[in-house]
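What the coordinates show
Residues per chain are reported as follows:
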Amino acid sequence: GESVGLHLPTLSVQEGDNSIINCAYSNSASDYFIWYKQESGKGPQFIIDIRSNMDKRQGQRVTVLLNKTVKHLSLQIAATQPGDSAVYFCAENSGGSNYKLTFGKGTLLTVNP
Amino acid sequence: NAGVMQNPRHLVRRRGQEARLRCSPMKGHSHVYWYRQLPEEGLKFMVYLQKENIIDESGMPKERFSAEFPKEGPSILRIQQVVRGDSAAYFCASSPSGTGPSYEQYFGPGTRLTVT
């Protein structure tokens, strides 16, 4: 897909391992964060979100951690499967709006069977 | 309930031509957002529209780009006199009516524009 490129950060894991994808966000005023998954040729798909009044949120096989002190966000995927192979983006709200999202560059996750 | 639909999926234009990208939001959604994704980049917000209104076009280039969301029919992103730098994937997202604009945005599959 168009978001996959030689210069994207990449993470390669074995099937069944846990994956951790990191993201540094830019705006200390951001108070809402989302992780998206983008498969080749498709639009971003919502995975999980977190508000700034939390530091951890869990979903099905995924956990998001937020460290506001260092403006760092991470996505943990448990028991990674080949279907998890995609580019993962973090996004933050920006400009104090309640709809405008600012996306990071993305990380390419490759799961080896 | 069909998702957000975009067409065409791929569009090739020569420099100087016009590109028209269409987006039909999900049923029950009245808020439409357009984003642009350059190669190896994240998505960049362009514009937010409601029916017959442009609410926020702060991410739109000042020239050649325009967007509309008419009372009937899809939202249109129009790029006049395209240049090679316009080559990108353009994504449309929509969010539910009745609650105001939202981060709960559902994305379409995108239109890949290639300018030759």
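Here is a short report on the structure shown in this document. (Residues numbered from 1 in each chain as written. Chains lettered and ligands numbered in written order. Predicted model: local features only at pLDDT ≥ 70, side-chain atom pairs only at ≥ 80, totals over all residues. Heavy atoms only, no water.)

For an interface, size is often stated in terms of accessible area lost upon the parts coming together. The partner chain B presents 22 residues to the 24 residues of chain A that form the contact. Taken over both partners, the interface formed by chain A and chain B buries close to 2,000 Å², and the fraction arising from carbon and sulfur atoms is 54%. Where chain A touches chain B, the interface holds two salt bridges. Between D56 of chain B and K100 of chain A there is a salt bridge, and its shortest N-O distance comes to 3.3 Å. The interface formed by chain A and chain B contains six residue pairs in polar contact (both at pLDDT 80 or more). Of all the elements in the fold, those that place two or more residues in the side of chain A that touches chain B are β3 (32-38), β8 (86-93) and β9 (101-103) of chain A. Ranked by residue count, the leading element in the side of chain A that touches chain B is β3 of chain A, at four residues. Class assignment for the residues of the side of chain A that touches chain B results in 10 nonpolar, 10 polar and four charged. (Contact = heavy atoms within 4.5 Å. Buried area = accessible area lost by both parts, 1.4 Å probe. Salt bridge = Lys/Arg side-chain N within 4 Å of Asp/Glu carboxyl O. Polar contact = N/O pair within 3.5 Å; in protein donor to acceptor, adjacent residues only side chain to side chain. Helix = DSSP H or I, 4+ residues; strand = E, 2+ residues; numbered from the N terminus. Nonpolar A, V, L, I, M, F, W, Y, C, P; charged D, E, K, R; others polar.)

On to the side chain of T80 of chain A. Residue and element names in this part refer to chain A. Structurally, T80 can be placed in the loop between β7 (72-77) and β8. Within the local environment of T80, its side chain forms a polar contact with the backbone oxygen of D17, the two atoms lying 2.6 Å apart. A distance of 2.7 Å separates a polar atom in the side chain of T80 from a polar atom in the side chain of S19. Setting aside residues no more than four positions away along its own chain, T80 makes contact with V13, Q14, E15, G16, D17, N18, S19, R61, L109 and V111.

The next point concerns the packing of aromatic side chains. Summed over all chains, the structure comprises 12 aromatic pairs over all chains. Here the aromatic rings of F89 of chain A and F103 of chain A are separated by 6.3 Å at their centres, their planes lie at 80°, and the arrangement is edge-to-face. Pair noted here: F89 of chain A is in strand β8 and F103 of chain A is in strand β9, with a separation of 14 residues, a long-range link. Neither residue differs from the other here; F89 of chain A and F103 of chain A are each classed as buried. By the ring-pair criterion, three or more aromatic residues cluster together here, those being Y36, F89, Y99 and F103 of chain A together with Y33, Y35, F45, Y48 and F107 of chain B. (Phe/Tyr/Trp six-rings, centres within 6.5 Å; stacked < 30°, edge-to-face > 60°. Buried < 20%, exposed > 50% of the residue type's maximum accessible area, 1.4 Å probe, protein only.)

Quick look at the pattern of salt bridges now. Following the criterion strictly, the structure yields nine salt bridges over all chains and no others. Ionic pairing is found between E41 of chain B and K105 of chain A, a salt bridge with its closest N-O pair at 3.8 Å. Here E41 of chain B is found in the loop between β4 (29-37) and β5 (43-50), whereas its partner K105 of chain A is found in the loop between β9 and β10 (107-112) on a different chain. E41 of chain B sits in the partly exposed class, given a relative accessible area of 24%. One salt-bridge network, in which partners are shared between bridges, spans K105 of chain A together with E41 and K44 of chain B.

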